[in-house]
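Tertiary structure, described
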Amino acid sequence: MNLVCPRDRTPLRDGVCEQGHEYPLVDGVPVLLVDEEAPTHAACGKVEQLPPPVREGIDPFVQEVIGATCGRLYEHLIADLPDYPIPELRLPAGEGRTFLEVGSNWGRWCVAAARRGYAPTGIDPSLKGVQAARRVAEQLGVDAQYVVGDARRLPFADASFDVVFSYSVFQHFSKLDALAAFDELGRVLKPGGQSLVQMANLYGARSLWNQARERRFREPRTLFDVRYWGPLELKRELESRVGPTRLSVDGFFTLNPQPTDLALLPARYRAVVHASEALRRAAGVVRPLTLVADSVYARSRRG
Ligand SMILES: C[S@@+](CC[C@H](N)C(=O)[O-])C[C@H]1O[C@@H](n2cnc3c(N)ncnc32)[C@H](O)[C@@H]1O
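These remarks concern the structure in this document.

Rules of the game
- Here the residue numbering is sequential within each chain, running from 1 through the sequence in written order.
- At least 70 in pLDDT is required for a residue's local features to be given in this predicted model, at least 80 for side-chain atom pairs to be given and counted, and no such filter applies to totals for whole chains, interfaces and linings, which use all residues.
- Where side-chain values are given, they derive from all heavy atoms of the structure, hydrogens and water being excluded.
- DSSP-based pairing: two strands are paired if at least 2 bridges between them are found.
- Segments assigned H or I by DSSP are reported as helices when at least four residues long, segments assigned E as strands when at least two residues long, and all are numbered from the N terminus.
- By definition, the crossover connecting two strands over a helix is right-handed if that path, from the first strand to the second, turns clockwise as seen with the strands pointing away from the viewer.
- Like charges are joined within 9 Å and nonpolar side chains (Val, Leu, Ile, Met, Phe, Trp, Tyr) within 5 Å, but only among residues with over 30% relative accessible area and no salt bridge; these make up the patches.
- Note that accessible areas follow from Shrake-Rupley with a 1.4 Å probe, and for residues the cover is restricted to the protein chains shown.
- The salt bridge criterion pairs a side-chain nitrogen of Lys or Arg with a carboxyl oxygen of Asp or Glu, the two atoms within 4 Å.
- What makes a nonpolar core is a set of buried Ala, Val, Leu, Ile, Met, Phe, Trp, Tyr and Cys residues whose side-chain atoms join them at distances within 4.5 Å.
- We call a residue buried when its accessible area falls under 20% of the maximum for its residue type, exposed when it is over 50%, and partly exposed in between, using a 1.4 Å probe and counting protein chains only.
- For this analysis, residues touch if any pair of their heavy atoms sits within 4.5 Å.
- Orientation is described by axes fitted as lines to C-alpha atoms, over the contacting stretch for helices, and by angles from 0 to 180 degrees between their N-to-C directions.
- For each residue, the test is whether any non-hydrogen atom lies within 4 Å of the molecule or strand; if one does, the residue is near.
- Polar contacts, as used here, are pairs of N or O atoms within 3.5 Å; protein pairs need one atom able to donate a hydrogen and one able to accept it. Residues neighboring in sequence count only if both atoms are side-chain atoms.
- Basically, the charged four are Asp, Glu, Lys and Arg, the nonpolar ten are Ala, Val, Leu, Ile, Met, Phe, Trp, Tyr, Cys and Pro, and anything else, Gly included, counts as polar.
- Aromatic rings from Phe, Tyr and Trp, with only the six-membered ring used for Trp, were paired whenever their centres fell within 6.5 Å, and each pair was classed as stacked if the ring planes differed by under 30 degrees, edge-to-face if by over 60, and tilted otherwise.
- Two limits define a charge over a ring: the Lys NZ or Arg CZ must be within 6 Å of the ring centre, and within 35 degrees of the ring normal.
- The disulfide criterion is simple: two cysteine sulfur atoms within 2.5 Å.

A separate point is the pairing of strand β7 (residues 145-148). Both strand β6 (residues 119-124) and β7 contribute to a ladder of four bridges, which runs parallel. Residue pairing for β7: Gly122 is matched across the bridge by Tyr146. Crossover β6 to β7 through helix α3 (residues 127-140) is right-handed.

On to a nonpolar patch on the surface. A surface patch of nonpolar side chains, about 450 Å² in accessible area, is lined by Tyr203, Leu208, Leu232, Leu291 and Val292. Within the fold, Leu232 resides in helix α6 (residues 231-241).

Moving on, we get to the nonpolar core. Membership of the largest hydrophobic core comes to 37 residues, with the highest contact counts inside it found for Leu100, Val102, Phe156, Phe170, Phe182 and Leu234. Within the residue set of this core, elements represented by two or more residues are β5 (98-102), β8 (161-166), α4 (175-188), β9 (189-200), α6, β10 (245-251) and β11 (295-301). Filtering out sequence-adjacent residues up to four positions away, Leu234 remains in contact with Phe182, Met199, Trp229, Leu247, Val296 and Ala298. With 31 residues, the next largest nonpolar core counts Ala132, Val136, Val148 and Leu265 among its residues.

Quick look at the sheet that holds β5 now. With mixed pairing, the seven strands of this open sheet are ordered in space as β7-β6-β5-β8-β9-β11-β10. A strand with exactly one partner marks an edge of an open sheet, and here the two such strands are β7 and β10. Within the sheet, the average angular offset between the axes of one strand and its neighbour, ignoring direction, is 20 degrees. In the sheet, β5 pairs with β8 via three bridges, with the strands oriented parallel. Counterpart to Leu100 in the pairing with β8 is Val164. Running at roughly 170 degrees to β7, α3 makes contact with β6 and β7 of the sheet.

On to the site of the ligand. What surrounds the ligand is a group of 19 residues, the closest being Thr40, Gly103, Asn105, Arg108 and Asp124. Here Gly103 contributes a backbone N or O atom positioned 2.7 Å from a nitrogen atom of the ligand. Asp124 is positioned with one of its side-chain polar atoms (N or O) 2.6 Å from an oxygen atom of the ligand. Protein chains shield 99% of the accessible area of the ligand, which is 590 Å² for the free molecule. When contributions to the shell around the ligand are tallied by element, the ones reaching two or more residues are α1 (60-70) and α2 (108-115). Its residues assigned to classes, the shell around the ligand comprises nine nonpolar, six polar and four charged.

We now examine the side chain of Thr290. Among the secondary structure elements, Thr290 is positioned in the loop between α7 (267-285) and β11. Look at Thr290 and you get buried, because its relative accessible area is 4%. Apart from residues lying up to four places away in sequence, Thr290 is in contact with Asn201, Leu247, Ser248, Val249, Ala283 and Val296.

Our next topic: the packing of aromatic side chains. Counted under the stated rule, the structure contains 13 aromatic pairs. Centroid distance Phe170 to Phe182: 5.7 Å. Interplanar angle 80 degrees. Geometry classified as edge-to-face. Pair noted here: Phe170 is in the loop between β8 and α4 and Phe182 is in helix α4, with a separation of twelve residues, a long-range link. Phe170 gets classed as buried once you look at its relative accessible area, which sits at 0%. Note on Phe182 and Trp229: the rings are 5.6 Å apart at their centroids and 50 degrees apart in plane angle, and the pair reads as tilted. Of this pair, Phe182 sits in helix α4 while Trp229 is found in the loop between α5 (205-215) and α6, placing the two residues 47 residues apart along the sequence. By the ring-pair criterion, three or more aromatic residues cluster together here, those being Phe99, Trp109, Tyr118, Phe165, Tyr167 and Tyr297. Here Lys175 stacks its cationic end above the ring of Trp229, 4.7 Å away from the centre of that ring.

The element α2 is largely enclosed, with a buried count of six among its eight residues. Of the residues making up α2, those classed as buried are Arg108, Trp109, Cys110, Val111, Ala112 and Ala113. A positive backbone phi angle near 100 degrees is found at Gly117, which sits one or two residues after α2.

What makes a disulfide is a covalent bond joining the sulfur atoms belonging to two cysteines. Summed over the entire model, instances satisfying the criterion amount to zero disulfides. Between Cys5, a free cysteine, and Cys17, which holds the nearest cysteine sulfur, the sulfur-to-sulfur gap is 3.8 Å. Not engaged in a disulfide, the cysteine Cys110 finds its nearest cysteine sulfur in Cys70; these two sulfurs lie 14 Å apart. Classification of Cys110 by relative accessible area gives buried; the value is 0%.

This is the structure:
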């Protein structure tokens, strides 16, 4: 991993940069946070201490945070998760290409990327999340690297990755923080590299209902509240910071509708995911449907 100082981007040697900034290694994990930066949103879940690992079954950290990382459809599974929900990555086969996941938590997308042939690195400000991700990767026999760090100050040299991916992370950031993170995505991508970012759409039917019911269209109250983006605004900002951008549907009626997780969901949620998938396929033909999806992907190519 080509690590640099998140403050001045000079190379790190034994955790110290050329300007003398020092970063600890905790339990073998590089912790590359910048203390003077105000936090974005709280780490997922309220796990005070990393629970000890289990020999078999699902990691207890994942059992506790599953509702926070995967959303409302998964809340009934807290402490009762029978299997790891590993989603399908909507990217071509990796063939060894480098993949960065920003906001990786316990690493479900890094596992998906490794299984798709990428060489994944995950970054998250939550040390406990990263420690759990390392345990999960080891348990599942997957090669993935993890560091603790912040999307707004990625500790990687310019043009380090072929693909940068982020899911359910920037939708919780203030707009200014998200723009700083988009700049970083463009910086660490190789020329011709691709970013894939999931966001919540301002004009999704469920999004509109949530904004009306939960906050009467007022500004978010907590750091974790979802920030909704207009699709054209999202496209414009990514185009100016990363490169040509195309929007596609992730899903309708909810955030994080994963067909790969159907077996984990009760009938009423399975119906939501099936309906979402049917509309996603329809949007492949009737493109304007993308503008009213609840969860969208923005795919950008760095020039
Ligand atoms: C809803 S969880 C999603 C986790 C993962 N992407 C997934 O889909 O399973 C949001 C994640 O964003 C991380 N996060 C919060 N602030 C961040 C920041 N400034 N930079 C990178 N990740 C951040 C949190 O720690 C948390 O793990």
